[in-house]
Number of protein chains: 2
Amino acid sequence: MTFGILLFPGVEELDFVGPWEMAAMWSAYADGPKELITVAQTKGTLRCAKGLGVIADYDFEDCPQLDYLLVPGGFSVFDELGNEPLIKFVQRAAESAKHVLSVCSGAFILHKAGVLDGKNATTHWKAHEQFSALPNVNLVSERWVRDGNTWTSAGVSAGIDMTLAFIAEIAGEDAASIVQMNSEYYPDAKIYGKAHKDLLHVDYIKKLDGEM
Amino acid sequence: MTFGILLFPGVEELDFVGPWEMAAMWSAYADGPKELITVAQTKGTLRCAKGLGVIADYDFEDCPQLDYLLVPGGFSVFDELGNEPLIKFVQRAAESAKHVLSVCSGAFILHKAGVLDGKNATTHWKAHEQFSALPNVNLVSERWVRDGNTWTSAGVSAGIDMTLAFIAEIAGEDAASIVQMNSEYYPDAKIYGKAHKDLLHVDYIKKLDGEM
């Protein structure tokens, strides 16, 4: 099995490194995918949204067939929507993949590639209005949403929660348990201050707030 | 202000990208450090623990003075403990830094550099026994531990929680609130399966388990 993560200039760092770490722990400790790879239009170094330099090991020509494709987000997604080779790569890779996942604004790339047609999906709260205006997709404002073999998550850090849920589904609760233990992902879930009060139109955040 | 993250071959990906993203959101939205940089013994590409290629932008010679130094972990930390130039860099950088932070086994590097002398600190649960055997430092098995101007966290993902707490302390609760909102860090905090039952000697995990 091969788990591939799409990279592009301006990709948000934690959007893809959160899921990368979860998938890698799955491989290392719970019989997860043999290969975990990065792919971009051009191989080699690219700069992420916040300036971190990372390496894409494959390009659209030499990328092996992916069993799982994950598309992260970042503001630069909105430039990439006009990048035909990238959208075509996602279409092609998604067609042969068993499951397709996105984090944050990565959902816009999946939508552009036709992967979300008629489906429920989510994205970063900042992009909810813009996502709601898209044709042929239904925004569900949960932390992550599964619809058949597509999985979409809310912003940035939410990809970690989605990937753990994905592993639990694909490989079983025990595998997710081992991944969580090795990555020591037992967050304290503290909510700081009141900024989240501006986000009570987001269903899952409203629920969290109700529990406080 | 400059926030610097130490990299080395085999560094664990999420150990440093979690705090990187939180610090970057602090800079972008809440008047955080002007510069967020990576530094390693040799500039350029290095491979992380799970194979991701990343770029270190500074080396030990040209690294600017750091106000905040963060040392991530990974199994390769135990090789780096014998790397004299790296330990000396950490000593030098920590001396002039206002705060020094570590994630996971990064605490062993801080200890080797003398930064944890007589202090309370924590590390990944896997390394608790080994850490307890170190002279002149006291293991406290919380998710993160502050002792004066040193901050240490538990494994991998715990660096996110520590960095948010650090921002709340340095810049105030409102700054942490804005960082949390922009990174959409409202984890669902679900515990999968029973692996964590093997970790009930870790105080904060025991508490979590009691709340379930």
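Going along each chain's sequence as written, the residues are numbered from 1 onward. Numbering of ligands from 1 and lettering of chains from A proceed in the order in which they are written. pLDDT decides what is reported in this predicted model: residues at 70 or higher carry local features, side-chain atom pairs at 80 or more are listed and counted, and totals for whole chains, interfaces and linings draw on all residues regardless.

Peer 1: Help me understand the overall build of chain A in this model?
Peer 2: Think of it this way: any DSSP run of H or I at least four residues long counts as a helix, any run of E at least two long counts as a strand, and we number them from the N terminus. In terms of helices and strands, chain A carries eight helices and 10 strands. The globule rule is 2.2 Å times the number of residues to the power 0.38, and the radius of gyration it is compared with is taken over C-alpha atoms. Taken over C-alpha atoms, the radius of gyration comes to 16 Å for chain A, in line with the 17 Å a tight globule of 212 residues would show. Once the C-alpha set of chain A is aligned to its principal axes, its extents read approximately 50 × 40 × 35 Å. As a rule, residues whose C-beta atom has 12 or fewer other C-beta atoms within 10 Å are exposed, those with 20 or more are buried, and those in between are partly exposed; C-beta atoms are placed from the backbone. Relative to its 212 residues, chain A shows a buried fraction of 54%.

Peer 1: What's the story with helix α6 (residues 158–171) of chain A in this structure? I'm lost.
Peer 2: Think of an α-helix as turning once every 3.6 residues; residues three or four places apart then point the same way. Residues and elements named next belong to chain A. In a regular helix each residue adds 1.5 Å, so 14 residues correspond to 20 Å; α6 covers 20 Å between its end C-alpha atoms and thus fits that length. Across the 14 residues that make up α6, a large majority, 10, are buried. Taken residue by residue, α6 has A158, G159, I160, D161, M162, T163, L164, A165, F166 and I167 as its buried positions. Note on contacts: residues are paired as contacts if their backbone-placed C-beta atoms lie within 7 Å. Packing partners of the buried residues in α6 comprise α1 (13–29), β6 (99–102), β9 (144–147), β10 (150–153) and α7 (173–182). What a helix is expected to span follows from its residue count: subtract one and scale by 1.5 Å.

Peer 1: When you look at the packing of α1(A) against α6(A) in this model, what are you seeing that I'm missing?
Peer 2: In a pair of packed helices, the angle between the axes and the distance between the axes together describe the arrangement. Residue and element names in this part refer to chain A. Here the axes come from fitting lines to C-alpha atoms, over the contacting stretch only for helices, and the angles between their N-to-C directions go from 0 to 180 degrees. Interaxial distance between α1 and α6 falls to 8 Å at its minimum, and their mutual angle equals 30°. Judged on the interaxial angle alone, α6 and α1 are roughly parallel. The element α1 and its partner α6 pack so that their crossing is right-handed. Within the contact between the two elements, α1 uses D15, G18, P19, M22, A23 and W26 and α6 uses G159, I160, T163, L164, I167 and A171. The classification used treats Ala, Val, Leu, Ile, Met, Phe, Trp, Tyr, Cys and Pro as nonpolar, Asp, Glu, Lys and Arg as charged, and all other residues, Gly among them, as polar. Among the residues making up the contact of α1 with α6, the classes are represented as eight nonpolar, three polar and one charged. Reported orientations rely on four angle classes, namely roughly parallel under 35 degrees, roughly antiparallel over 145, roughly perpendicular from 65 to 115, and oblique for the rest. Note on convention: near helix rotated counterclockwise from far helix by under a right angle means a left-handed crossing. Clockwise means right-handed.

Peer 1: What exactly am I supposed to notice about the sheet that holds strand β10 (residues 150–153) of chain B here?
Peer 2: Strands in a sheet are paired, the pairing made by backbone hydrogen bonds, and the direction either parallel or antiparallel. Residue and element names in this part refer to chain B. At least two DSSP bridges between two strands are needed for those strands to be called paired. Pairing is mixed across the open sheet formed by six strands, whose spatial order is β2-β1-β5-β6-β10-β9. Each end of this open sheet is capped by a strand with a single partner; those strands are β2 (35–39) and β9 (144–147). On average, each strand axis in the sheet is tilted by 15° relative to the strand beside it, whichever way the strands run. Where strand β5 (residues 68–71) and strand β6 (residues 99–103) come together, four bridges link them in parallel fashion. Its bridge partner lying in β6, Y68 is registered against H99. Lying over the sheet, helix α1 (residues 13–29) contacts β1 (2–6), β2, β5 and β6, oriented at roughly 160° with respect to β2. Contacting β6, β9 and β10, helix α6 (residues 158–171) runs over the sheet at an angle of about 150° to β10.

Peer 1: Sorry, what's going on with the pairing of strand β4 (residues 53–56) of chain A here?
Peer 2: Along a regular strand, successive side chains alternate from one face of the sheet to the other. Residue and element names in this part refer to chain A. The alternating pattern of β4 places V54 and A56 on a buried face and G53 and I55 on a face that is not buried. Judged from the four bridges that link them, strand β3 (residues 44–47) and β4 form a sheet pairing that is antiparallel. Bridge pairing in β4 places G44 opposite A56.

Peer 1: Would you mind going over the interface of chain A and chain B with me for this structure?
Peer 2: A common measure of how large an interface is: the accessible area buried when the components associate. At the junction of the two partners, chain A supplies 50 residues and chain B supplies 50 residues. Going through the elements one at a time, α1, β4, α6, α7 and α8 (203–211) of chain A are the ones with two or more residues in the side of chain A that touches chain B.

Peer 1: What should I look at first to understand the relation of the copies chain A and chain B in this one?
Peer 2: Two copies of one chain are present, and they are related through a rotation about an axis combined with an axial shift. Only residues with pLDDT of at least 70 in both copies count here: their C-alpha atoms drive the least-squares fit that superposes the copies. Least-squares fitting of chain A to chain B yields an RMSD of 0.0 Å, with the superposition described by an axial translation of 0.0 Å and a rotation of 180°. Each copy turns onto its partner about a two-fold axis. In terms of proximity to the rotation axis, the leading residue of chain A is A:V54, whose C-alpha is 2.1 Å off the axis. Taken together, the interface assignments show that 100% of the residues at the interface of chain A recur at the interface of chain B, consistent with an identical surface on both copies.

Peer 1: Help me understand the sheet that holds strand β2 (residues 35–39) of chain A in this model?
Peer 2: Residue and element names in this part refer to chain A. Spatial ordering of the open sheet is given by β2-β1-β5-β6-β10-β9, a layout of six strands whose pairing is mixed. The sheet is open, and its two borders are formed by β2 and β9, each paired with just one other strand. Mean inter-strand twist for the sheet, computed between neighbouring axes without regard to direction, equals 15°. Strand contacts of helix α3 (residues 84–96): β1 (2–6), β5 (68–71) and β6, with the helix running at about 145° to β5, the strand carrying the most contacts. In the packing of α6 onto the sheet, the strands contacted are β6, β9 and β10, and the crossing angle to β10 comes to about 150°.

Peer 1: Which parts of the structure should I look at to understand unusual backbone geometry?
Peer 2: If a residue is not glycine, its phi is most likely negative; likewise, a peptide bond is most likely trans. Residue and element names in this part refer to chain B. Positive phi is not limited to glycine here, since C104 has a value of about 60°. Mapped onto the fold, C104 is located in the loop between β6 and α4 (106–112). Although it is not a glycine, V156 adopts a positive phi angle of roughly 45°. Mapped onto the fold, V156 is located in the loop between β10 and α6. Under the C-beta neighbour-count criterion, V156 is labelled buried, with 27 such atoms within 10 Å.

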